[in-house]
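# Observations on chain architecture
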Amino acid sequence: MAITKYESYYLKILEKLKLIKADNEYKTDSIAFAHWYLENYYKLNTQDIAEAIIDGDGDLGIDSILIDESNSALTIMQYKLPSKKENINCEIDQGDILKTWNGFLTLISNDKQYTGKNQKFEEFKRQLENTVITNFRICFVSYNKGVVANRSIVESNAEVFKRDTGSNLEIIYHDRDAISNIYEKLNRKNNISITLKYKQMQSAYNVQGRKIDSLVGFVNGRELVESIASNIATIFDENIRLYEYGSNVNIGINRTATSTDQADMFYFYNNGVVFICDKAKNSPASSEIILDGASIVNGCQSVNVLYNAMQKGKLNESVYVLVRIISIADYSERMRITEYLNSQTPIRDSYFIANHPIVRDLQQQLLKCGYFLERQSNEANYMAERGIEIKDKVTIQLEKAIQYYVGYWINKNASLAKRGKNALFDKR
């Protein structure tokens, strides 16, 4: 039976937790999981994490506490890490939910006395007696399906609390999808932030339930290149294909971008550029937009042609480019968007899994052994052109690596690897 994405990530996260557990002398994987989450989601340092974690006897179902006095906010968290990968399809049960809820009320209420022996819980309760808190958050963090069947219990308790106290209460469910998303984001090479000056930029289609926003506008070619020039080697990290040297299409793009009589038609001749990012912050007054966690997922050929033309001083100032910006935090969905945007032109099926964390990790491991796994199409040439040294490494194409592995190590699929290789590249 094929291993699922959730099982694969679970095993990878466990490897990280072993290191965290050893470095911090934690007694359980559960505490190490809390540390991993606080470090990678809340970006806390080791000292702040140590102060936040209260996991242990008498914690009343609360594993960590964060107090933000500047925003009058309190966040409590419960963590659930399955002891084995077979349990990642389970849910948080009702008993654990109610335990955390009662722990929350005990923590914040002067009417409820704490009789347990958890010193840190007791210290937090005393601190809250002298702290103004009007915003509350309960976060269920689990590497399973999370709170599903019992969600109505949580929501009804929350409504009663908000009605009786007049305070704000937010319930956060970070299940295996949310944790997988954090893991996928960590496996990206970069966290590029760029400021893009534009001629025009307008809000476009958005999907509220999926937390996806988009903007569409047009940007001067020179200003587009200037905004990404310092990140030219990594801005295409999530793209499937990189620059194709000697392509007739690219020769044509260059001809238009450098011409004296057709450069002003570039916008109409070209399909444009698609940026994908974690967050987009628009400043209409200055005609600038800041993209955090940015990557170009479509338009790699055009941007590289414009970059090369500008490096040679030949890029015409009349060039304008259609730009679409997609703001989304879900990295699984980001991979699908990248795939579909690049499926309209021929490309090897193997490169559609280029952004999978397992492939990214394999690339890093093979580098240590003297091999460069060409994760993206044309990656070796592109990296060399941009000054990233790989000349002492033996280049291996992703498609060949998977074929050889399946054919040699998984003997029953040897014929499939040779004659029906497209079936090897399952993008799920």
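The paragraphs below set out a description of the structure included in this document. (Residues numbered from 1 in each chain as written. Predicted model: local features only at pLDDT ≥ 70, side-chain atom pairs only at ≥ 80, totals over all residues. Heavy atoms only, no water.)

With that settled, the discussion passes to the sheet that holds strand 4 (residues 168–174). Judged by pairing direction, the sheet is mixed, and its four strands sit side by side in the order 1-2-3-4 without closing on themselves. Strands at the two margins of the open sheet, each flanked by one partner only, are strand 1 (64–68) and strand 4. The sheet shows a mean angle of 15° between the axes of neighbouring strands, taken without regard to direction. Relative to strand 2 (residues 73–80), strand 1 runs antiparallel, the two being bridged by five bridges. Across the sheet, residue I65 finds its bridge partner in strand 2, namely I76. (Pairing = 2+ DSSP bridges. Helix = DSSP H or I, 4+ residues; strand = E, 2+ residues; numbered from the N terminus. Axes fitted to C-alpha atoms, helices over the stretch in contact; angles between N-to-C directions.)

Right, let's talk about the pattern of salt bridges for a bit. Summed over the entire model, instances satisfying the criterion amount to 10 salt bridges. Residues E86 and K85 are paired through a salt bridge, measuring 3.5 Å at the closest nitrogen-oxygen approach. Judged by its relative accessible area of 28%, K85 falls in the partly exposed class. Salt-bridge contacts for E122 lead to R126; the nearest nitrogen and oxygen are separated by 3.9 Å. With E122 and R126 both in helix 5 (residues 119–129) and four residues apart, the pair spans about one turn of that helix. (Salt bridge = Lys/Arg side-chain N within 4 Å of Asp/Glu carboxyl O. Buried < 20%, exposed > 50% of the residue type's maximum accessible area, 1.4 Å probe, protein only.)

Attention shifts here to helix 9 (residues 248–258). Buried within helix 9 we find N250, I253, T256 and A257. Projected down its long axis, helix 9 carries its buried residues within an arc of 120°, all on one side. Exposed residues on helix 9 whose side chains face more than 90 degrees from its buried face are N248 and R255. Among the structural elements, helix 10 (266–269) and helix 11 (300–311) are those in contact with the buried residues of helix 9. (Arc of directions from axis to C-beta. Contact = heavy atoms within 4.5 Å.)

Our next topic: the packing of helix 1 (residues 5–24) against helix 7 (residues 176–186). Their axes nearest at 10 Å, the elements helix 1 and helix 7 cross at an angle of 60°. In this view, helix 1 runs oblique relative to helix 7, as classed from their interaxial angle. Between helix 1 and helix 7 lies a crossing whose hand is left-handed. Contacts between helix 1 and helix 7 involve K5, Y6, Y9, K12 and I13 from the former and R176, D177, I179, S180, Y183 and E184 from the latter. A class-by-class count of the residues in the contact of helix 1 with helix 7 yields five nonpolar, one polar and five charged. (Parallel < 35°, antiparallel > 145°, perpendicular 65-115°, else oblique. Left-handed = near helix turned anticlockwise from the far one by under 90°. Nonpolar A, V, L, I, M, F, W, Y, C, P; charged D, E, K, R; others polar.)

Moving on to the nonpolar core. Formed by 41 residues in total, the largest nonpolar core has its most connected members in L224, F275, L306 and I325. Top contributing element to this core by residue count: helix 11, with seven residues. Beyond its immediate stretch of four places on either side in the chain, L306 contacts G221, L224, V225, A257, F266, L315, V319 and V321. The next biggest cluster of nonpolar side chains, apart from the first, holds 31 residues, and it includes A34, I53, M77 and I182. (Core = buried A, V, L, I, M, F, W, Y, C linked by side-chain atoms within 4.5 Å.)

A few words now on the environment of V359. In this structure, V359 sits in helix 13 (residues 357–367). For the pair V359 and E374, spaced 15 residues apart in sequence, the C-alpha separation works out to 10.0 Å.

Looking now at unusual backbone geometry. For residues other than glycine, phi is negative in most cases, and the peptide bonds are mostly trans. Even without being a glycine, K43 presents a positive backbone phi close to 60°. Here K43 falls in the exposed class, since its relative accessible area comes to 59%. Although it is not a glycine, S72 sits at a positive phi angle of roughly 50°. Mapped onto the elements, S72 comes out in the loop between strand 1 and strand 2. Judged by its relative accessible area of 18%, S72 falls in the buried class.

What follows concerns the packing of helix 1 against helix 2 (residues 29–40). Following both chains from N to C, one finds helix 1 and helix 2 inclined at 100°, their axes separated by 9 Å at the closest point. Comparing their axes, helix 2 and helix 1 come out roughly perpendicular. Touching I13, L14, K16, L17, I20, K21 and N24 of helix 1 are D29, A32, F33, H35, W36 and E39, all from helix 2. Of the residues contributing to the contact of helix 1 with helix 2, the split by class is seven nonpolar, two polar and four charged.

To continue, consider the sheet that holds strand 5 (residues 193–197). A sheet is described by the order of its strands in space; here three strands give the open sequence 5-10-9, paired in antiparallel fashion. The open sheet has two edge strands with one neighbour each: strand 5 and strand 9 (279–283). Adjacent strand axes in the sheet meet at a mean angle of 20° when their direction is disregarded. Across five bridges, the pairing between strand 9 and strand 10 (residues 288–292) is antiparallel. Note that in strand 10 the partner of N282 across the bridge is I289.

So, on to the packing of aromatic side chains. Following the criterion strictly, the structure yields 18 aromatic pairs and no others. Ring centres of Y9 and Y183 lie 5.0 Å apart, and the angle between their planes is 45°; on these two criteria the pair is classed as tilted. With a gap of 174 residues between them, Y9 in helix 1 and Y183 in helix 7 connect regions that are remote in the sequence. Accessibility classification places Y9 together with Y183 in one group, the buried group. Linked through ring pairs, F33, W36, Y37, Y41, Y42 and Y79 together constitute an aromatic cluster. Between R151 and the ring centre of Y173, over which it is positioned, the NZ or CZ distance is 3.7 Å. For the cation-ring pair, R176 lies above Y6, with the distance from its terminal atom to the ring centre recorded as 4.0 Å. (Phe/Tyr/Trp six-rings, centres within 6.5 Å; stacked < 30°, edge-to-face > 60°. Lys NZ or Arg CZ within 6 Å of the ring centre and 35° of its normal.)

Read these as geometric descriptors, not functional statements.
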